[in-house]
Amino acid sequence: MTTTSAIPASITPDPEEIIEKRHSLVPVLDSLPGDSVPYALAAGEGNQLQLGPYHVTVMSRPEDNGGVFSLARVSSGTVPATPFFSVPGPTFVHVMEGRLTLWFMDGRREVIAGGSATIPADTPWSFASEGLINSALVHSSSDAFLRAARRLGSSSSSHTFRVSDGITGIAHEELEACGFTFYKRDYLAELGPRFARLPQEMRAFSLEDGEGDRLEQFEQINSFVCRPRHTDNQFLAVQTRGAKAPYIPRHFHRLHTENFICLDGHVTLNVNERELVLSRGDYVHAPAGTIHSFAFTGHNTQMLGVLTTGVFEKFFDYMNTPTDARVQLENGGEPEFPAEAFVKVQAELDVEVVGPPPEG
Ligand SMILES: [Fe+2]
């Protein structure tokens, strides 16, 4: 068990009785629960809002996750660059469709589907939606994006963006009241630096699909696309790509919440004994205490895991081996379970195994 010193001051562990209660809660399906409980949303479920040219599917609000983060899928047509802005919490963007241009202080980045970007708190950036159809998952420790969408947008019955003339026309003062800060900066034309591995320091960076701190275990690549050191220990994100794989042992965590988003193929999740099959864009929120397990039930399945806070980082380093590969090697044969590493994981990290893998 880790000590609580790694947890940001703003995040206090849930009391034991809440952890225990969450062992048996039936996951809420296809609606935002308004409470910190396990829930699942099929792609497109959640709250739909339109803010200027951006369509926002709210997938998690602070009131759904103990006040820790906000998560939304934002889609739009082609939209010119925003002014430079920052929000008071680290933000992670995973591009699902189309192409974004991002501007950081050291240059421009082009990010196409499968790529991602991490922007620390209070760091100026700007983005333009360049494709004809674009969408991105936006996870942030700040609720500024959600506040803007809820206060300044309008609720929508549509599950995609509507045609718009472009820029929002929303006054900066109104966005500032939601937590945004605006800057006057130059939109540099030259490309900023790229990283073969994740940068050491906390800075804004982007990754192409296949970049990141790549680690492998049997027929699976687990790639850190941001580590806790990039988010002030608020969260980490791992993009996993793998062959079909059976359920892992049933377990729960006391100190961190796990968010699973299927990016391709099929992920079968067992959440407090309920089986959920996830396809592209489907989401499961498993707060501390939720007993869970997952299996990859489609070929070439891809999953994005966003863990809040960063306390479970070492799990991936202990259980995997660094690799230069971009995709999993499928040689068949029997997987070799890293038993020694798993003993270390259980001794040191925030995990409690409660039973063997679920049946099925
Ligand atoms: Fe877990």
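Keep in mind that what you see is a predicted model, and the values were worked out from it rather than measured.

**Observations concerning the environment of Arg-197**
Move 1: With respect to the helices and strands, the residue Arg-197 is situated in the loop between β14 (181-183) and β15 (205-207).
Move 2: When its relative accessible area of 31% is taken as the criterion, Arg-197 is described as partly exposed.
Move 3: Considered as a pair, Arg-197 and Leu-49 are 148 residues apart in the sequence and their alpha carbons are 36 Å apart.
Move 4: Among residues more than four places away in sequence, those in contact with Arg-197 are Gly-212, Asp-213, Arg-214, Thr-323 and Asp-324.
Move 5: A polar contact is formed between the side chain of Arg-197 and the backbone oxygen of Thr-323, at a distance of 3.0 Å.

**Observations concerning the environment of Ala-121**
Move 1: Within the secondary structure layout, Ala-121 lies in the loop between β10 (116-119) and β11 (126-129).
Move 2: Along the primary structure Ala-121 and Pro-90 are separated by 31 residues, whereas in three dimensions their C-alpha atoms are 4.3 Å apart.
Move 3: Ignoring any residue separated from it by four or fewer positions in sequence, one finds Ala-121 in contact with Val-87, Pro-88, Gly-89 and Pro-90.

**Brief notes about the pattern of salt bridges**
Move 1: Summed over all chains, the structure comprises 21 salt bridges.
Move 2: With its nearest N and O atoms 2.3 Å apart, the salt bridge here joins Glu-110 to Arg-108.
Move 3: Taking relative accessible area as the criterion, Glu-110 reaches 33% and is therefore assigned partly exposed.
Move 4: Judged by relative accessible area, Arg-108 falls into the partly exposed class, the value being 22%.
Move 5: The residue Glu-352 makes a salt bridge to Arg-254 at a minimum N-O spacing of 2.8 Å. Pair noted here: Glu-352 is in strand β27 (residues 352-355) and Arg-254 is in the loop between β19 (250-252) and β20 (257-264), with a separation of 98 residues, a long-range link.
Move 6: Taking relative accessible area as the criterion, Glu-352 reaches 33% and is therefore assigned partly exposed.

**With respect to the confidence of the model for the protein chain**
Move 1: Looking at the protein chain, pLDDT values average 93 and 96% of them are 70 or higher.
Move 2: Of the regions scoring below 50 in pLDDT, residues 1-9 engages in 23 contacts with residues more than four places distant in sequence or in other chains.

**A look at the coordination of the iron ion**
Move 1: Protein coordination at the iron ion comes from His-251 (NE2), His-253 (NE2), Glu-258 (OE) and His-292 (NE2), with a distance range of 2.1 to 2.2 Å.
Move 2: Considering all four donor atoms around the iron ion, the spread of angles at the metal, 85 to 166°, places the coordination shape in the irregular class.
Move 3: One chain supplies every donor for the iron ion, spaced along it as H-x1-H-x4-E-x33-H. No difference in accessibility class separates His-251 from His-253, as the two residues are buried.

**Quick word on the side chain of Ser-293**
Move 1: Counting through the fold element by element, Ser-293 comes out in strand β24 (residues 292-296).
Move 2: Here the side chain of Ser-293 touches Ile-248 through a polar contact of 2.5 Å, landing on its backbone oxygen.
Move 3: Setting aside its immediate chain neighbours within four residues, Ser-293 contacts Tyr-247, Ile-248, Pro-249, Arg-250, Thr-268, Leu-269, Asn-270 and Pro-358.

**Overview of helix α2 (residues 144-152)**
Move 1: Within the sequence span of α2, burial applies to Ala-144, Leu-146, Ala-148 and Ala-149.
Move 2: Each element contacted by the buried residues of α2 is listed here: β3 (47-51), β4 (54-60), β5 (70-76), β13 (154-155) and α3 (172-176).

**A short note on the domain arrangement of the protein chain**
Move 1: Each assigned domain of the protein chain is listed here: domain 1 (45-209) and domain 2 (210-355).
Move 2: When each unit is reduced to the centre of its C-alpha atoms, the spacing between domain 1 and domain 2 is 25 Å.
Move 3: Listed by partner, the interface residues are 35 residues for domain 1 and 30 residues for domain 2.
Move 4: Interface area for domain 1 against domain 2, summed over the two sides, is near 2,600 Å², with a carbon-plus-sulfur share of 57%.
Move 5: Contact with domain 2 buries area across many residues of domain 1, yet Phe-92, Arg-197 and Leu-198 alone supply 22% of it, more than any other trio.

**Focus on helix α5 (residues 339-348)**
Move 1: Of all the positions in α5, only Ala-341, Phe-342 and Val-345 are classed as buried. All buried residues of α5 project into a common sector of 100° when viewed along the axis, lining one side. Residues of α5 that are exposed and point over 90 degrees away from its buried face: Glu-340, Val-343 and Ala-347.

**As for the sheet that holds strand β17 (residues 220-226)**
Move 1: A sheet is described by the order of its strands in space; here nine strands give the open sequence β1-β2-β23-β20-β25-β18-β17-β16-β26, paired in mixed fashion. Each of the sheet's edge strands pairs with one partner strand only, and the pair in question is β1 (28-29) and β26 (321-322).
Move 2: With seven bridges joining them, strand β18 (residues 236-242) and strand β25 (residues 301-308) adopt antiparallel strand pairing. Counterpart to Gln-239 in the pairing with β25 is Leu-304.

**Quick look at the sheet that holds β4**
Move 1: With respect to topology, eight strands assemble into an open sheet ordered β13-β3-β4-β5-β12-β7-β10-β15, the strand pairing being antiparallel. Bordering the open sheet on either side are β13 and β15, each of which pairs with just one other strand.
Move 2: Pairing between β10 and β15: three bridges, direction antiparallel. Its bridge partner lying in β15, Thr-118 is registered against Phe-205.
Move 3: Where α2 meets the sheet, it contacts β3, β4, β5, β7 (91-97), β12 (134-140) and β13, and its direction lies at approximately 80° from that of β3.

Conventions used here
- Every chain's residues receive numbers from 1 upward, in the order its sequence appears when written.
- At least 70 in pLDDT is required for a residue's local features to be given in this predicted model, at least 80 for side-chain atom pairs to be given and counted, and no such filter applies to totals for whole chains, interfaces and linings, which use all residues.
- Just so you know, side-chain values use all the structure's heavy atoms and leave hydrogens and water out.
- Strands here mean DSSP runs of E at least two residues long; helices mean DSSP runs of H or I at least four residues long; both are numbered from the N terminus.
- Three exposure classes are used, based on accessible area relative to the maximum for each residue type with a 1.4 Å probe and protein chains only: buried under 20%, partly exposed in between, and exposed over 50%.
- It only takes one pair of heavy atoms within 4.5 Å for two residues to be counted as in contact.
- Polar contacts here mean pairs of N or O atoms no more than 3.5 Å apart (in protein, one a potential hydrogen donor and the other a potential acceptor; neighbouring residues in sequence count only if both atoms are side-chain atoms).
- Salt bridge criterion: a side-chain nitrogen from Lys or Arg within 4 Å of a carboxyl oxygen from Asp or Glu.
- pLDDT measures the predictor's confidence residue by residue and takes values from 0 up to 100.
- In this description, a donor is an N, O or S atom within 2.8 Å of the metal centre, a cutoff extended to 3.2 Å for sodium, potassium and calcium. Water is not part of the atom list, which can make sites seem incomplete.
- Working rule for geometry: tetrahedral if four donors all subtend angles between 85 and 135 degrees; square planar for four, octahedral for six, if opposite donors exceed 155 degrees and the others stay between 65 and 115; irregular in every other situation.
- Where each domain starts and ends comes from a domain assignment, either automatic or drawn from a database.
- When two parts are brought into contact, each loses some accessible area as probed by a 1.4 Å sphere; the total of that loss over both is the buried area.
- In this context, the arc is that of the directions from the helix axis out to the C-beta atoms.
- The pairing criterion is simple: DSSP has to find at least two bridges between the two strands.
- For helices, the fitted axis covers only the stretch in contact; all axes are lines through C-alpha atoms, and the angles between them, taken along N-to-C directions, range from 0 to 180 degrees.

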